[in-house]
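Observations on the model geometry
Residues per chain, in single letters:
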Amino acid sequence: MAKKTIHIMNTAFRDGFQSVYGARVLTEDFLPAVKACVEAGQTHFEAGGGARFQAPFFYCNESAFDMMDKFRAAAGPDADLQTLARGINVVGLDSQSRDIIDLHAKMFAKHGITTIRNFDALNDVNNLIDSGRSIKAHGLKHEVVVTMMELPPGCSGAHTVEFYQKTLQDILDAGIPFDSVCFKDASGTSAPKKVFDTITMARKLLPGDCKIVFHSHETAGVGTVGYLAAIKAGADQVDCSMAPASGGTCQPDVATLWHALRGEDYELDVDIDKMMKAEAVFKDCMADYMLPPEAKAVEPMIPWSPMPGGALTANTQMMRDNNMMDKYEECIHAMGEVVRRGGFGTSVTPVSQFYFQQAFNNVIFGPWEKIAEGYGKMVLGYFGKTPVAPDPEIVKIASEKLEMPVTTENPVDLNDANPKKGVAAATAMLKENSLEETEENIFIAAACGQKGIDFLLGKMEINGVRKGALTPAAPAAAAGGDGGYTVTVNGKKFAVEVKGDKATVNGKSYDIGVADGIEAASSAGVAHESADSIAVNAPMNAKVMKVNVSVGDHVNEGDVLFVVEAMKMEVEVKASAAGTISSIAVDAGEQVTAGQAMASIN
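In short, a report on the structure. (Residues numbered from 1 in each chain as written. Predicted model: local features only at pLDDT ≥ 70, side-chain atom pairs only at ≥ 80, totals over all residues. Heavy atoms only, no water.)

1. Topic: the overall build of the chain
- Helix and strand counts for the chain stand at 19 helices and 21 strands.
- Buried residues in the chain amount to 55% of all 602 residues.
- For the chain, restricting intrachain contacts to residue pairs at least 6 apart in sequence, the fraction spanning at least 24 positions comes to 73%.
- With an accessible surface of roughly 24,100 Å², the chain has 51% of that area assigned to carbon and sulfur atoms. (Helix = DSSP H or I, 4+ residues; strand = E, 2+ residues; numbered from the N terminus. Buried < 20%, exposed > 50% of the residue type's maximum accessible area, 1.4 Å probe, protein only. Contact = heavy atoms within 4.5 Å. Areas by Shrake-Rupley, 256 points an atom, 1.4 Å probe, with all protein chains shown as cover.)

See below:
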C-alpha cells in the first residue's frame, strides 16, 4: 500500500524567529536560507504576521511590509507564503475596528501573501467572522483555527475534545468562509491522546477534502509525539522548522519528524538530503545571533504554566533588555494562578502575553496589586467571551483598578465606536506628524501606535537585536581611547564601542566629547532642592517612553510625570505629592533600574 504523503509548512522564518530570537532578526541575514529552501524544493513558508509584524519596526528598524516583499522575491512567484493573524487583534496585542481588520487583509495581499492562518485566543467564534470574510474578500486563502492547550493540573471546564468540537461546529454554523482548518497548540502542552481524539473528531465533522493541519511546539517535550498522533488521526499537514530555530520552544525539526516516521505508513513531502543542505545554510545565516539557552530546552513546568514557545523567549529577551532575568522563574510559577483565574483563554498571543504580564505584575508589585491592562480587559469581556467565566474576585479587582465595567458587547462594535481606533484615528496620527497618508502607513500607525509613528519619522534604531557587535562585547584589554569595551554600571553591563567623537552603546550611536579634567556638571535639569525634597523613583527596570514635566513645573498629587515601558506594558509614574519639580534625572529613551531616582519634588 502506498504511503500517505504529509505536507510540511516551513515555520523557521516566522515562528522559529519568534520562538528563539524574540522575532528580532534582520531581513537580509535570513534570505539566503529562504533561497536554499526553495532550491531544496520547498514551496510553503510562514513568512510573517504574529510578532514578525511589530518586531521589525520595534527592534530591527525595518518595515515588515518591505520584509514581506523581499521574502516574496526570494521565494519566487509560485510559493505559498502564509502569515499568522490574531482575529480581531490582527497583528497586535490590542483589538481593532472593522476597517483596520479589512485593511490588514488588503495590505498583506498587496505585499505578496497568499494564505492567512487566523485564530482567536479565546475560541470566541464571533471574533473570526469579520477577519475571515475580509481575508477571503481580498483573494487570500483563509486557514481558520481552533486554539488548543492542556489546562494546568487540577483545572477543568474547557480544552476538552468536546470543547474543540463545539468551537469547530460554531465556525461551521457561523458560515465563516475557509479553505483549511488548523488546530494550533502554541504551548505544546496538549496530551497526545487528546490530539489524536481531536483530529479524529474533526476528520468526521469536516468534508473529506478539507485540509486539516496540526501545529505545536516542543516546549513541553511532546511536540513530535503530538505530530505522530495527529498524522495517524488523519491530519494532512504539520508545521516543521529547521535548526537552529527548531526543537525546544520551536516546532519539531523537519529531520526529527522525518526520522520519527521511518517505518510508518507516512512520508513527508520533502527531499531530506536537500533539506539538510538548506538547514546548513540557515545555521550559517544565524551563526552571529545569540541563541538563548531556554530556547533549546524542554521545560517541565510548562504544563503547569502553559507558556507558548514564541512568548517564552520573547519575554526572556525583554527581561534581559530590562536586566530582570532573575525574576523569570518566579513569573513562570506565578502564571499558573493567573491562568486558573482568568477564564482559560488559550495561552497564545495575545492572551499568553496578558497572562505573563499579569504574572509579572504579581511578582513585582504584589499579588493582584496592579492589573495588566490586557489581562484586565480580557476578564472584563473587552476581547470577547472567555471559555469559562473568570474568577469573580479577579473581575471585581480588574474593574476597580482599571475603572472599567464588565461588558458583554461585541468588541468589534465597541472598537468601531471608539474614536481612538480605526482608519480615521490612524490617519490623524499621520497628519499630526506630517507623514504620508498611504494605506501602509495607516496600518502601521494603527497596529504599532507611537512606535510605528517613530519608525516612519526615522526616530527608531536597531535595538535589542542580539547579533555580533549588537550584543555585549568582550572586555577590552585596557580602557581609554578608541576600541570596544564592556562598561558595568550598578551591576548592569553596556557594550560600548568608541570611534573618535562617536560612541555606540548597546547598538545606539551617541555624539561624545572627552576632555581632561572634571568640569561642573550641567545644571540645566536641576533647580533648588531642599532636605524636604521627595524623590520620584522608577517602579521597575524599564525604558523611559515619555517625560511629561520640566524643572520648575508645579504638579499635583497623582499627576503623571513619566511613562515607562517594560514587558510590552506602559506604566505611569505619578507624583506622590503636590509641589514643584526640582530636578529631572532621566530622558526619554533611557533605561532605568528599579528604585532609580527619576526626579524630585520640592
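2. Section: helix H11 (residues 272-285)
- Here H11 spans 20 Å end to end across 14 residues, near enough to the 20 Å set by a 1.5 Å rise per residue.
- What H11 keeps buried is the set Ile272, Met275, Ala278, Glu279, Phe282 and Cys285. For H11, the angular spread of buried residues about the axis comes to 110 degrees, placing them on one side. Facing away from the buried side of H11, by more than 90 degrees, are the exposed residues Asp273, Lys277 and Asp284.
- Where H11 is buried, its residues touch strand E1 (4-10), helix H1 (12-21), helix H2 (27-39) and helix H10 (254-260). (Expected span 1.5 Å × (residues − 1). Arc of directions from axis to C-beta.)

3. Some remarks on the environment of Gly234
- Mapped onto the fold, Gly234 is located in the loop between helix H9 (223-233) and strand E8 (237-240).
- Here the alpha-carbon distance between Gly234 and Thr200, two residues 34 residues apart in the chain, equals 6.6 Å.
- When near neighbours in sequence (up to four residues on either side) are disregarded, Gly234 contacts Lys4, Ile199 and Arg203.

4. Quick notes on the packing of helix H3 (residues 51-60) against helix H19 (residues 439-456)
- With their axes 9 Å apart at the nearest point, H3 and H19 run at an angle of 15 degrees to one another. One finds that H3 runs roughly parallel with respect to H19. In this structure, H3 meets H19 at a crossing whose hand is right-handed. Side by side, H3 and H19 meet where Phe53, Gln54, Phe57 and Phe58 of the first sit next to Phe443, Ile444, Ala447, Cys448, Lys451 and Phe455 of the second.
- A class-by-class count of the residues in the contact of H3 with H19 yields eight nonpolar, one polar and one charged. (Axes fitted to C-alpha atoms, helices over the stretch in contact; angles between N-to-C directions. Parallel < 35°, antiparallel > 145°, perpendicular 65-115°, else oblique. Left-handed = near helix turned anticlockwise from the far one by under 90°. Nonpolar A, V, L, I, M, F, W, Y, C, P; charged D, E, K, R; others polar.)

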